[in-house]
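# An overview of the molecular structure
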Amino acid sequence: MIRIHNAREHNLKGVDVDIPRNRFTVITGVSGSGKSTLAFDILFAEGQRRYLESLNAYARQFVQPSARPDVDAIFGIPPTVAIEQRTSRGGRKSTVGTLTEIQHFLRLLYVKLGTQHCPDCAVPIEPQSEEAIAARILRDWRGRHIGLLAPLVVARKGYYTDLAKWAAGKGFTHLRVDGAFLPTGQWPRLDRFREHNIELPVADLVVSADNEAALRAALARALEYGKGTLQVVGPLDQLAGVAAGSGRDEAR
Ligand SMILES: [Zn+2]
């Protein structure tokens, strides 16, 4: 609770006011009643003055501390930020976060300390070792026919003709573009104005204990092509035969 006692700044006549912390508080009243005096000249000015006083002498030489407002006492006031009612600075996309530049710090804080979740299925996102991925596939997909895809392009525009040529040269007959398998030999003209997701179908195989060595080899290759990321798709029927490489024979 912030407590302001006997405020006489400007036209205020001995105002006592308690303002709850961590709540949204609106100050309202007729014109000239002293709303701005209370908000800016007392609450903001005193919060800022006390914060600046807590800084070292070196930092303080750059800022002019405002005068103490005319009140008997103010308790429990945190450092304050004021955003004035003004349209010349900041556009309609400005927020408290961007105007105060707190946004950058908040973003860093959430990225570094927060747990990211998949927006679709709310599963927490976490890095896994190759060993952990292999164990998980063996557990979750046992007996199923799966495909391992290496993401090559994530949400980028382009024709990707050279990428198709490169894949064809490596013996890959197809690439998955935005969810559909396209032949690398007769590469169609992609929509250049659309962002594409392109994956390399590295292998497809049936997950079983007998097949573990093949799975691990395919996994290592997928992670190499995908620079540490891969996608597992399955169960597969329609995908059979589009993957090149060691997994293919086992899958048939
Ligand atoms: Zn998800």
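Since the model is a prediction, treat every value here as computed from it, not as a measurement.

The subject of this paragraph is unusual backbone geometry. Note that the residue after Gly-234, namely Pro-235, is joined by a cis bond; omega there is -5°. For Pro-235, the position within the fold is in the loop between strand 8 (231-233) and helix 8 (247-251). Its identity is not glycine, yet His-10 carries a phi of approximately 50°, on the positive side. Assignment of secondary structure puts His-10 in the loop between strand 1 (2-7) and strand 2 (15-19). C-beta crowding within 10 Å serves as the criterion here: with 15 such atoms nearby, His-10 is assigned to the partly exposed category.

Further remarks concern the nonpolar core. In this structure, Leu-148, Ala-150, Leu-200, Val-202, Leu-205, Ala-218 and Ala-222 are the most contacted members of the largest nonpolar core, which totals 25 residues. Counting only elements with at least two residues in this core, the list comes to strand 4 (145-156), helix 6 (161-169), strand 5 (174-177), strand 7 (196-206) and helix 7 (212-225). Counting residues in each nonpolar core, the second largest holds eight residues, with Leu-12, Leu-38, Leu-43 and Phe-44 among its members.

Turning to the sheet that holds strand 8, a few remarks are in order. With antiparallel pairing, the five strands of this open sheet are ordered in space as 6-5-7-4-8. Looking at the sheet topology across the chains shown, the edges are occupied by strand 6 (180-183) and strand 8. Neighbouring strand axes in the sheet, compared pairwise and without regard to direction, differ in orientation by 40° on average. Here strand 4 pairs with strand 7 via nine bridges, running antiparallel. Across the sheet, Arg-156 pairs through a bridge with His-196, a residue of strand 7.

Another point: the environment of Thr-184. Locating Thr-184 in the fold gives a position in the loop between strand 6 and strand 7. With 21 C-beta atoms packed within 10 Å, Thr-184 lands in the buried category. In sequence terms Thr-184 and Val-71 are 113 residues apart; their C-alpha atoms lie 77 Å from each other. Once you skip the residues sitting within four places of it in the chain, Thr-184 turns out to touch Ala-164, Ala-167, Ala-168, Phe-172, Thr-173, His-174 and Leu-175.

Scoring rules and cut-offs
- Residues numbered from 1 in each chain as written.
- Predicted model: local features only at pLDDT ≥ 70, side-chain atom pairs only at ≥ 80, totals over all residues.
- Helix = DSSP H or I, 4+ residues; strand = E, 2+ residues; numbered from the N terminus.
- Buried ≥ 20, exposed ≤ 12 C-beta atoms within 10 Å, placed from the backbone.
- Core = buried A, V, L, I, M, F, W, Y, C linked by C-beta atoms within 7 Å.
- Pairing = 2+ DSSP bridges.
- Axes fitted to C-alpha atoms, helices over the stretch in contact; angles between N-to-C directions.
- Contact = placed C-beta atoms within 7 Å.

The values reported here are purely geometric and, on their own, carry no functional implication.
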